[in-house]
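Residue-level structural notes
Each chain, letter by letter, is given below.
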Amino acid sequence: SIIVGESERLSRLTNDLLALQRIENDHTPFELSRVNLNSLAHSVLDALEPILRDREANTEIVGEAPDVLGNPDRLKQAVTNLVENASRFIEPDGHITIELFGLKGNSILAVKDDGTGFGDIDPQLLFDRFYRTDASRSRGTGGTGLGLAIVKSVVESHDGTVEAINLPDGGACFIIALPSILPGER
């Protein structure tokens, strides 16, 4: 069982490295289309439902945001990484909320959880490859240390920004801001 577990971990690591390389080194334009972030958030929660159920996560989507121009598959990967990451750091019966809204010409998608937060570190470090807030938890949480680096690369390739904050009452919040497209635009 140890060999199988390590093989699965190495497979995840390899897949994440390949995904990050494709995002960062693929200079060919990717297909863009109008993306509704509420629909995207629902599809992420639907796809992760078995994992979220196993981890006893309570999830909800709150609000609406203006549509964005983007690659739905890449944006879905970024949001999936944030939600799956949040599910690793909440207690059983914990909460994950995806909040959507518009602000100053941007569409905001925030993934909030009521876990432990990420401590007293520079939040920008979280987006570095292989960075871990607590090395002792690395293997136990099943992550590769590349998920947030992938999120950052995807968001920046869409002319957006991503940041992380600790919430005052505990937990973490990861905020993606992408340029909104107006209702009449394509």
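See above for the structure.
Quick caveat: nothing in here was measured; it's all calculated off a predicted structure.

**Here's the deal with the overall build of the protein chain**
Helix and strand counts for the protein chain come out as five helices and seven strands. Out of the 186 residues belonging to the protein chain, those deemed buried represent 41%. The contacts in the protein chain between residues at least 6 apart in sequence include a share of 72% that link residues at least 24 apart. Element-wise, carbon and sulfur atoms account for 51% of the exposed surface of the protein chain, whose accessible area totals about 10,200 Å².

**Overview of the side chain of Asn38**
Here Asn38 shows up in helix H2 (residues 37-54). Separated by 3.2 Å, the side chain of Asn38 and the backbone oxygen of Gly63 make a polar contact. Within the structure, the side chain of Asn38 is placed 3.2 Å from the side chain of Glu64, a separation counted as a polar contact. Apart from the residues lying within four places of it in its own chain, the contact partners of Asn38 are Ile61, Gly63, Glu64 and Leu100.

**Focus: a negative patch on the surface**
There is a patch of like negative charges on the surface, built from Asp54, Glu56, Glu91, Asp93 and Asp114. By secondary structure assignment, the location of Asp114 is in the loop between strand E5 (106-113) and helix H4 (138-141).

**A look at the side chain of Thr80**
Along the chain, the position of Thr80 falls in helix H3 (residues 72-88). For Thr80, a relative accessible area of 17% gives the class buried. Each residue touching Thr80, except ones within four places of it in the same chain, is listed here: Val44 and Leu48.

**Comments concerning the pattern of salt bridges**
Applying the stated criterion across every chain yields a total of four salt bridges. The salt bridge involving Arg88 is made with Glu84; its shortest N-O contact spans 3.5 Å. Here Arg88 and its partner Glu84 are both found in helix H3, four residues apart, which amounts to about one turn of the helix. Taking the shortest distance from any N to any O, the salt bridge between Glu99 and Lys112 comes out at 2.5 Å. Placement of the pair is Glu99 in strand E4 (residues 95-103) and Lys112 in strand E5, with a sequence separation of 13 residues. Lys112 sits in the partly exposed class, given a relative accessible area of 26%.

**Concerning the packing of aromatic side chains**
The tally for this structure, following the rule as stated, stands at one aromatic pair. Ring centres 6.4 Å apart and planes at 55° place the aromatic pair Phe118 and Phe174 in the tilted group. Pair noted here: Phe118 is in the loop between E5 and H4 and Phe174 is in strand E7 (residues 172-179), with a separation of 56 residues, a long-range link. We note that Phe118, like Phe174, is buried.

**Focus: H3**
Along its 17 residues, H3 runs 24 Å from first to last C-alpha, staying within 8% of the 24 Å computed at 1.5 Å per residue. Those residues of H3 lying buried are Arg74, Leu75, Ala78, Val79, Thr80, Asn81, Leu82, Val83, Glu84, Asn85, Ala86 and Ser87. Capping of H3 at its N-terminal end is provided by Asn71; its side-chain oxygen lies 3.2 Å from the backbone amide nitrogen of Asp73.

**Examining the nonpolar core**
Counting 36 residues, the largest nonpolar core has Leu37, Val83, Ile98 and Val111 as its most contacted members. Elements that contribute at least two residues to this core include exactly H2, H3, E4, E5, helix H5 (147-157), strand E6 (161-166) and E7. If one sorts the elements of this core by residue count, H2 sits on top with seven residues. Not counting residues up to four positions away in its chain, the partners in contact with Ile98 are Ala41, Leu45, Glu60, Ile61, Val62, Val83, Leu109, Ala110 and Val111. Judged by nonpolar contacts, the second largest core, of five residues, contains Ile108, Ala110, Cys173 and Ile175.

What counts, and where the lines are drawn
- Residues numbered from 1 in each chain as written.
- Predicted model: local features only at pLDDT ≥ 70, side-chain atom pairs only at ≥ 80, totals over all residues.
- Heavy atoms only, no water.
- Helix = DSSP H or I, 4+ residues; strand = E, 2+ residues; numbered from the N terminus.
- Buried < 20%, exposed > 50% of the residue type's maximum accessible area, 1.4 Å probe, protein only.
- Contact = heavy atoms within 4.5 Å.
- Areas by Shrake-Rupley, 256 points an atom, 1.4 Å probe, with all protein chains shown as cover.
- Polar contact = N/O pair within 3.5 Å; in protein donor to acceptor, adjacent residues only side chain to side chain.
- Patch = residues over 30% accessible without salt bridge, like charges linked within 9 Å, V, L, I, M, F, W, Y side chains within 5 Å.
- Salt bridge = Lys/Arg side-chain N within 4 Å of Asp/Glu carboxyl O.
- Lys, Arg positive; Asp, Glu negative; His and termini not counted.
- Charge placed at Lys NZ, Arg CZ, Asp CG, Glu CD.
- Phe/Tyr/Trp six-rings, centres within 6.5 Å; stacked < 30°, edge-to-face > 60°.
- Expected span 1.5 Å × (residues − 1).
- Core = buried A, V, L, I, M, F, W, Y, C linked by side-chain atoms within 4.5 Å.

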